[in-house]
Amino acid sequence: MIPVLDFERFTSGEDRAGFVADLGAAARGPGFFLLTGHGIDADLQARVFAAADAFFGLPVAEKEKVSILKTPHYRGWAHDGLESLDETSGQKDRKESFNIGYDMDPSDPRVIAGEPFRGVNQWPDLPDFRETMLTYYDAALDLGVRLSRAIALDLGLAENHFDGTFHEPLAALRVLHYPPATGAEGEIGAGAHSDYGVVTLLMTDGEPGLQVKPRGGDWMDVPHVAGAYVVNIGDCLMRWTNDIYVSTPHRVLPPRRRRRSVAMFVEANPDVVVEALPGTGAPRYPAIRAADYLQSRLDATYNETIDKG
């Protein structure tokens, strides 16, 4: 039920219409697909995993120096148990993560003014960590922009409809580490949830655990294809398409061995107004700024108060 799509069909011009049709079917159906032929270098992917391993291997005291709790901009280290992605269950996620946002200079007027999501990243004292993560952030964001062109065509819009949407985005890169399962009752790696943004580009190390729950179906494992991205539609894009696209619940079960993943949450610029796209029918939702929508979703996720400055 989760198709594998080769992006080279689109980027090479070999079968653009066929790729767009297949993407549209996946976005309207399971809300998930695997993407090969994406053009992101395998060596860069490996360097990101290595940098993440180096960070998560640091003593807790070192990771605390860049805690997400020290900034109002959701950047830095989130400790095990900080988040509850299934906010209705009362379960705390058993994972740790490190979040990176759009990189901004401390002298930027928006940073100085303390605008939401317009902060500086926190960086651990690790060789090449910052450079590796920012290089990957740019590459993954570029992939998201390129993918948005196929999305636009599927929705009957101009191919460049979304091109101005992601130049200073809310997009977040998140590296994650799930420790091995302990067998405790009610344990969960990441609770059932749907993603908040436009699309998510996820790479994993192959350790099982990720499951999706298509509409009207049961939980099913997401297959692993080496080098491919797991791509899923986010709630913001579902809203933007007036529910034509589907944002599907998913979860991560406690893995038998440690599990690592790297998620790029492709989000729009903060002031982009999310409202029913042309040709999608009568609006089902009121218009909302992308930043306001994201804030409303993040507020429900964290079990501890993020420092609002």
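Just above sits the structure.
Note that this is a predicted model, so its numbers are computed, not measured.

Asker: Quick question: what am I supposed to make of the nonpolar core here?
Answerer: When a protein is soluble and globular, its nonpolar side chains tend to lie buried together. If you look at the biggest cluster of nonpolar residues, it comprises 87 residues, and the most contacted ones within it are Leu 35, Tyr 136 and Trp 240. The element that contributes the greatest number of residues to this core is helix H6 (residues 129-154), accounting for 13 residues. Those residues in contact with Tyr 136, other than ones at most four positions away along the chain, are Ile 40, Leu 44, Gln 45, Val 48, Leu 173, Met 203, Tyr 229 and Val 262.

Asker: Mind showing me how you'd approach empty space enclosed by the protein here?
Answerer: Using a probe with the size of a water molecule, rolled over the atoms, empty space left in the structure can be pinpointed. On inspection of all chains with the given rule, the structure shows 3 cavities of 30 Å³ or more. Space inside the largest cavity adds up to approximately 590 Å³. Forming the walls of the largest cavity are 41 residues, and the residues nearest its centre are Arg 174, Asp 195, Tyr 196, Ala 263 and Phe 265. For the lining of the largest cavity, the elements supplying multiple residues, two or more each, are strand E4 (96-100), strand E5 (172-178), strand E6 (190-193), strand E7 (199-204), strand E11 (250-252), strand E12 (259-266) and helix H8 (290-298). Each residue belonging to the lining of the largest cavity can be placed in one class, and the counts come to 22 nonpolar, 11 polar and 8 charged. Around the second largest cavity sit Gly 144, Leu 147, Ser 148, Ile 151, Phe 162, Phe 166, Val 198, Val 199, Leu 237 and Val 266, which together line it.

Asker: For this particular structure, what's the right way to read unusual backbone geometry?
Answerer: Trans peptide bonds make up most of the peptide bonds, and negative phi angles are found at most residues other than glycine. Even without a glycine there, the phi angle at Asn 242 is positive, about 60 degrees. Position of Asn 242 relative to the elements: it lies in the loop between helix H7 (235-240) and E11. One non-glycine residue, Asp 243, lies in the positive phi region at around 70 degrees. Relative to the helices and strands, Asp 243 is located in the loop between H7 and E11. On the basis of relative accessible area, Asp 243 is assigned to the buried category, the value being 18%.

Rules of the game
- Residues numbered from 1 in each chain as written.
- Predicted model: local features only at pLDDT ≥ 70, side-chain atom pairs only at ≥ 80, totals over all residues.
- Heavy atoms only, no water.
- Core = buried A, V, L, I, M, F, W, Y, C linked by side-chain atoms within 4.5 Å.
- Buried < 20%, exposed > 50% of the residue type's maximum accessible area, 1.4 Å probe, protein only.
- Helix = DSSP H or I, 4+ residues; strand = E, 2+ residues; numbered from the N terminus.
- Contact = heavy atoms within 4.5 Å.
- 1 Å grid on protein atoms, 1.4 Å probe; cavity = no way out; pocket = protein on both sides within 12 Å on 5 of 7 lines; lining within 4 Å.
- Points joined across faces, edges and corners; volume = space filled by probe spheres on them.
- Nonpolar A, V, L, I, M, F, W, Y, C, P; charged D, E, K, R; others polar.

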